Amino acid sequence: FEILINLSVQFHHSAIKISPAFQKIWALLFVPPFLHRIHHSLIRKECDSNYGVIFSIWDRLAGTLKIDVDQEKIVIGTGSHRNFEELDFWRLQLIPFKK
């Protein structure tokens, strides 16, 4: 089970190029990268969607599935940490201790 979860997480966090037709079919049951990418959006209503790790059916049942988002317009990240020059290794380690 843990191996399956980790493989799924690696897959939907990857930048693997997959044909749109295959992704749409895969998304009927499973979570492809394009669905999970929406979950990492800075836009709150997009971020609050697509929680599934392996199966997309859970988001369908919970009403949290969001599919029709322009992938080219998704900005990934956190709103409070957008200055990439300040996000070196040591500063990232201090973030949990700052307000």
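These lines cover the structure that appears in this document, whether it is placed above or below. Because the structure is predicted, anything quoted here is derived from the model rather than measured.

1. Brief notes about the overall build of the protein
Scanning the protein from terminus to terminus reveals six helices and zero strands. Counting from the amino terminus, the protein carries its helices and strands in the arrangement α-α-α-α-α-α. Its C-alpha atoms put the protein at 40 × 30 × 30 Å along the principal axes. Within the protein, buried positions represent 25% of all 99 residues. Counted over contacts in the protein with a minimum sequence separation of 6, partners at least 24 positions apart contribute 47%. When the accessible surface of the protein is summed, it comes to about 7,600 Å², and 65% of that surface belongs to carbon and sulfur atoms. Considering the protein, the positive charge centre built from 12 side chains and the negative charge centre built from 10 side chains are found 3 Å apart.

2. Some remarks on unusual backbone geometry
Outside of glycine, negative phi angles account for most residues, and trans bonds account for most peptide bonds. For Asn50, which is not a glycine, the phi torsion comes out positive at approximately 50 degrees. Its location among the elements puts Asn50 in the loop between helix 4 (44-47) and helix 5 (57-62). The exposure class of Asn50 is buried, given its relative accessible area of 2%.

3. What to know about the layout of surface pockets
Over the atoms a probe the size of a water molecule is rolled, and this reveals where empty space is left. In this structure, the largest pocket spans a volume of roughly 400 Å³. Along the walls of the largest pocket sit 14 residues, with Ile18, Gln23, Phe34, Arg37 and Gln71 positioned nearest its centre. For the lining of the largest pocket, the elements supplying multiple residues, two or more each, are helix 2 (20-26) and helix 3 (33-39). Grouping the amino acids of the lining of the largest pocket by side-chain chemistry returns eight nonpolar, two polar and four charged. Estimates place the volume of the second largest pocket at around 200 Å³. If you go around the second largest pocket, the residues you meet are Ser80, His81, Arg82, Asn83, Glu86, Leu87, Arg91, Ile95, Lys98 and Lys99.

4. Thoughts on the side chain of Ser56
Counting through the fold element by element, Ser56 comes out in the loop between helix 4 and helix 5. Of the polar contacts made by the side chain of Ser56, one reaches the backbone oxygen of Ala27; its length is 2.6 Å. The contacts of Ser56, once residues within four sequence positions are left out, are Ala27, Leu28, Leu29, Phe30, Val31 and Leu35.

5. Focus: the pattern of salt bridges
Under the defined criterion, the tally for this structure stands at two salt bridges. Between Asp88 and Arg91 there is a salt bridge; the shortest N-O distance is 4.0 Å. The exposure class of Arg91 is partly exposed, given its relative accessible area of 40%.

6. Focus: the side chain of Ser14
Its place among the elements puts Ser14 in the loop between helix 1 (2-12) and helix 2. In this view, Ser14 contacts Pro33 and Arg37; residues no more than four positions away in its chain are not counted.

Thresholds applied
- Residues numbered from 1 in each chain as written.
- Predicted model: local features only at pLDDT ≥ 70, side-chain atom pairs only at ≥ 80, totals over all residues.
- Heavy atoms only, no water.
- Helix = DSSP H or I, 4+ residues; strand = E, 2+ residues; numbered from the N terminus.
- Buried < 20%, exposed > 50% of the residue type's maximum accessible area, 1.4 Å probe, protein only.
- Contact = heavy atoms within 4.5 Å.
- Areas by Shrake-Rupley, 256 points an atom, 1.4 Å probe, with all protein chains shown as cover.
- Lys, Arg positive; Asp, Glu negative; His and termini not counted.
- Charge placed at Lys NZ, Arg CZ, Asp CG, Glu CD.
- 1 Å grid on protein atoms, 1.4 Å probe; cavity = no way out; pocket = protein on both sides within 12 Å on 5 of 7 lines; lining within 4 Å.
- Points joined across faces, edges and corners; volume = space filled by probe spheres on them.
- Nonpolar A, V, L, I, M, F, W, Y, C, P; charged D, E, K, R; others polar.
- Polar contact = N/O pair within 3.5 Å; in protein donor to acceptor, adjacent residues only side chain to side chain.
- Salt bridge = Lys/Arg side-chain N within 4 Å of Asp/Glu carboxyl O.

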